[in-house]
Amino acid sequence: MLVQKSMQERLSVPEVFRSICLASGIFAVLMILFSIAAYIPTHPDFSPFNTFLSDIGDTPGWPQIIFNSGTLIAAPLRYLVLILLVLRMYQLGAGINFGRTVLLIGALATLGTILMTAVPFSVAPSVHKAGIPLYFLGVVPMQIIIGVRELTLKDIPRSLPVISFLLAGSYLVFFILVILYELGVVSRTTSITPMIWQWLGFSFSILWVFMHGLVLGKK
């Protein structure tokens with residue numbers, strides 16, 4: 001306990017948390033923009049309504065290189081954000097059990113990200129699909145737990161649990177629609193497609209990182 005407290009004081013957890021969040025968010029935005037820029041020349045019909053993020057990572061050449069390598073870098077960065085979030089919320093009154101739960105579920109979600117990214121669907125569909133439930137069924141409960149805990153801490157503004165719940169909700173809807181997509185109930189051309197919900201979830205995840213870094217990064 002004394003070592004943890006000393007480490008927090010030396011690192012200045014709020015400042016480090018803010019810096020890592022901003023760096024991670026900017027990296028994710030640039031990664032996806034460069035990936036899309038490399039993808040569009042061979043897929044001029046690109047749209048968040050008809051393209052999975054994994055479609056970009058499964059396209060040979062620069063789209064696959066940029067997206068997959070970028071995601072493999074972003075996954076441990078995001079886990080570092082979670083570690084710092086746990087330390088910051090511990091300072092604000094969250095308990096040790098909260099931190100253990102978030103980090104455990106976050107580790108499963110990170111593993112799912114690595115499986116989906118390191119192994120494109122065209123290479124090994126079973127391995128790629130195995131990463132999907134690990135990631136999405138990890139993110140959803142984890143964000144709900146974070147949001148609920150944030151609601152109980154009086155020093156945290158209500159905007160943070162709101163974005164946590166929006167992130168969880170968008171990924172939950174996407175996961176359900178992916179199942180329906182695999183069953184042939186919905187498709188890329190139907191009015192309700194899983195693609196747009198994946199892009200919404202990705203956008204909310206970046207917004208989550210920026211908002212938490214800017215708000216909780218204050219001393």
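Treat the numbers as computed from the prediction; the structure is a model and nothing was measured.

## Regarding the overall build of the protein chain
Inference 1: Across its full length, the protein chain carries eight helices and zero strands.
Inference 2: Each helix and strand of the protein chain, placed in order from N terminus to C terminus, yields the pattern α-α-α-α-α-α-α-α.
Inference 3: Compactness check: the protein chain gives a C-alpha radius of gyration of 18 Å against a globular reference of 17 Å for 219 residues, within 12% of the reference.
Inference 4: Each principal axis of the C-alpha distribution contributes one length, and for the protein chain these read about 55 × 30 × 30 Å.
Inference 5: Per-residue burial over the protein chain gives 44% buried out of 219 residues.
Inference 6: Taking as baseline every contact in the protein chain between residues at least 6 positions apart, the subset at least 24 positions apart corresponds to 73%.
Inference 7: As displayed, the protein chain has an accessible area near 10,800 Å², and 73% of this comes from carbon and sulfur atoms.

## Description of the side chain of Thr 51
Inference 1: Structurally, Thr 51 can be placed in the loop between α2 (13–39) and α3 (53–57).
Inference 2: Not counting residues up to four positions away in its chain, the partners in contact with Thr 51 are Tyr 39, Phe 46, Ile 56, Arg 188, Met 195 and Trp 199.

## Remarks on the environment of Phe 46
Inference 1: Along the chain, Phe 46 turns up in the loop between α2 and α3.
Inference 2: In this structure, the C-alpha to C-alpha distance between Phe 46 and Gln 198, residues 152 residues apart in sequence, is 15 Å.
Inference 3: Contact partners of Phe 46, with chain neighbours within four places excluded, come to Ile 36, Tyr 39, Ile 40, Thr 51 and Trp 199.

## Thoughts on the side chain of Gln 143
Inference 1: Relative to the assigned elements, Gln 143 resides in helix α6 (residues 125–152).
Inference 2: What makes Gln 143 buried here is its relative accessible area of 0%.
Inference 3: If near-sequence neighbours (up to four positions away) are discounted, Gln 143 is found in contact with Arg 78, Ser 164, Leu 167, Ala 168 and Trp 208.

## Regarding a nonpolar patch on the surface
Inference 1: Among the surface-exposed residues, Ile 26, Leu 30, Leu 33 and Phe 34 lie close enough to one another that they form a single nonpolar patch of about 410 Å² accessible area.
Inference 2: With respect to the helices and strands, the residue Leu 33 is situated in helix α2.

## Remarks on the nonpolar core
Inference 1: With 50 residues, the main nonpolar core has Leu 85, Met 89, Phe 136, Ile 146, Tyr 171 and Trp 208 as its most contacted residues.
Inference 2: Going through the elements one at a time, α2, α3, α4 (62–91), α5 (96–118), α6, α7 (159–182) and α8 (194–216) are the ones with two or more residues in this core.
Inference 3: In this structure, Leu 85 is in contact with Phe 17, Ile 146, Trp 208, His 212 and Leu 216, ignoring residues within four places of it in sequence.

## Structural notes on the packing of α4 against α8
Inference 1: Between α4 and α8, the shortest axis-to-axis distance is 12 Å and the interhelical angle comes to 35°. Both α4 and α8 take part in a crossing whose hand is left-handed. The residues of α8 that touch α4, namely those facing Arg 78, Val 81, Leu 85, Arg 88 and Met 89, are Ser 205, Trp 208, Val 209, His 212 and Leu 216.

## Considerations on the confidence of the model for the protein chain
Inference 1: For the protein chain, the average pLDDT comes to 89, and 94% of its residues sit at 70 or higher.
Inference 2: Element-level mean pLDDT values for the protein chain span from 54 in helix α1 (residues 2–11) up to 96 in α2.

## Thoughts on the environment of Pro 141
Inference 1: Of note, Pro 141 is situated in helix α6.
Inference 2: Spatially, the C-alpha atoms of Pro 141 and Ala 168 are 7.3 Å apart, while their sequence positions differ by 27 residues.
Inference 3: Once residues within four sequence positions are removed from consideration, Pro 141 is found in contact with Ile 105 and Phe 136.

So, how was this worked out
Residues numbered from 1 in each chain as written. Predicted model: local features only at pLDDT ≥ 70, side-chain atom pairs only at ≥ 80, totals over all residues. Heavy atoms only, no water. Helix = DSSP H or I, 4+ residues; strand = E, 2+ residues; numbered from the N terminus. Rg over C-alpha atoms; globule rule 2.2 N^0.38 Å. Buried < 20%, exposed > 50% of the residue type's maximum accessible area, 1.4 Å probe, protein only. Contact = heavy atoms within 4.5 Å. Areas by Shrake-Rupley, 256 points an atom, 1.4 Å probe, with all protein chains shown as cover. Patch = residues over 30% accessible without salt bridge, like charges linked within 9 Å, V, L, I, M, F, W, Y side chains within 5 Å. Salt bridge = Lys/Arg side-chain N within 4 Å of Asp/Glu carboxyl O. Core = buried A, V, L, I, M, F, W, Y, C linked by side-chain atoms within 4.5 Å. Axes fitted to C-alpha atoms, helices over the stretch in contact; angles between N-to-C directions. Left-handed = near helix turned anticlockwise from the far one by under 90°. pLDDT = per-residue confidence, 0-100.

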